[in-house]
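Summary of structural features
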Amino acid sequence: MEKKTKRLLLLVVFCSLTGVILGGTTSWAESSMCLNAKTVTSDCLTQDPIQKTIQGMSTGLVAGAGAACGVAWQLRQHD
């Protein structure tokens, strides 16, 4: 692989990993806040916190990869 391809791959991996961490953390915190609220809704009780966390992580993965592709596209336009 050439140098630019390695850098692009590293950018996508780093942004995706960051998205997974932030998405998972946000979803987990949202689930905890929902369960610790003064009035707990039925929607809060029916959702599995682990499943919601995994869903947040997958959303973060897609968002991070999309952001990396957007940055790469923008940099390519300037070169």
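The notes below deal with the structure included here. Predicted, not measured: the structure shown is a model, and the values here were computed from it. Along every chain, residues carry numbers that run from 1 in the direction the sequence is written. Local features in this predicted model are restricted to residues of pLDDT 70 or higher, and side-chain atom pairs are both shown and tallied only at a pLDDT of 80 or more, whereas totals for entire chains, interfaces and linings draw on every residue. Side-chain metrics in this entry use all non-hydrogen atoms of the structure; hydrogen atoms and water are not considered.

Moving on to the overall build of the chain. In this description a helix means any DSSP run of H or I spanning at least four residues, a strand means any run of E spanning at least two, and both kinds are numbered starting from the N terminus. For the chain, the count of helices and strands is three helices and zero strands. For the chain, the sequential pattern of α-helices and β-strands runs α-α-α. A compact globule built from 79 residues should have a C-alpha radius of gyration of about 12 Å, whereas the chain, at 17 Å, is more than 25% larger. Oriented by its inertia axes, the alpha-carbon framework of the chain measures out at about 55 × 20 × 15 Å. A burial count over the chain gives 18% of its 79 residues as buried. In this description, accessible areas are obtained by the Shrake-Rupley approach with a 1.4 Å probe, and a residue is regarded as covered only by the protein chains that are shown. Counting only carbon and sulfur atoms, one obtains 67% of the accessible surface of the chain, whose full area is about 6,200 Å². With 7 positive and 5 negative side-chain charges, the chain shows a spacing of 12 Å between the two charge centroids. Put simply, the radius of gyration uses C-alpha atoms, and a globule should come to 2.2 Å times the residue count raised to 0.38. Relative accessibility thresholds used throughout: buried, under 20% of the residue-type maximum; exposed, over 50%; partly exposed, between the two (1.4 Å probe, protein chains only). In this tally, Asp and Glu contribute negative charge and Lys and Arg positive charge; neither His nor the terminal groups of the chain are included. Where a charge lies is defined by one atom per residue type: Lys uses NZ, Arg uses CZ, Asp uses CG and Glu uses CD.

The rule for a disulfide is simple: a pair of cysteine sulfur atoms within 2.5 Å. Scanning the model with the defined rule gives one disulfide in all. No disulfide involves Cys15; its sulfur sits 9.1 Å from the nearest other cysteine sulfur, which is in Cys69.

Here we take up the pattern of salt bridges. Basic side-chain nitrogens of Lys or Arg form a salt bridge, by our definition, when they fall within 4 Å of a carboxyl oxygen of Asp or Glu. One pass over the full model with this rule turns up one salt bridge. Across the pair Lys52 and Glu30 runs a salt bridge, and its minimum N-O distance is 2.9 Å. Separated by 22 residues along the polypeptide, Lys52 in helix α3 (residues 49-78) and Glu30 in helix α1 (residues 3-35) bring together distant segments of the chain.

We now examine the packing of α1 against α3. Working convention: axes come from line fits to C-alpha atoms, limited for helices to the stretch in contact. Angles between N-to-C directions cover 0 to 180 degrees. The geometry of α1 relative to α3 is characterised by a closest axis approach of 6 Å and an angle of 150° between their N-to-C directions. If you check the angle between α1 and α3, you find them roughly antiparallel. Crossing hand, α1 versus α3: right-handed. Here the angle decides the label: under 35 degrees means roughly parallel, over 145 means roughly antiparallel, 65 to 115 means roughly perpendicular, and every other value means oblique. Here a crossing is taken to be left-handed if its near helix is turned anticlockwise relative to the far helix by less than a right angle, and right-handed if that turn runs clockwise.

It is worth spelling out α3 at this point. Expected helix span is taken as 1.5 Å per residue step, with the number of steps being one fewer than the number of residues. Its 30 residues give α3 an end-to-end C-alpha distance of 43 Å, which sits within 8% of 44 Å, the value for a rise of 1.5 Å per residue. Every buried residue of α3 is listed here: Lys52, Thr53, Gly56, Gly60, Gly64 and Ala68. By the convention used here, residues are in contact when the closest approach between their heavy atoms is within 4.5 Å. Looking at the packing, one finds that the buried side of α3 touches α1.

Taking 1.5 Å per residue as the helical rise, α1 with its 33 residues ought to reach 48 Å, and the 48 Å between its terminal C-alpha atoms agrees with that figure. For α1, the set of buried residues is Ser16, Gly19, Val20, Gly23, Gly24, Ser27 and Ser31. Residues of α1 that are buried make contact with α3.

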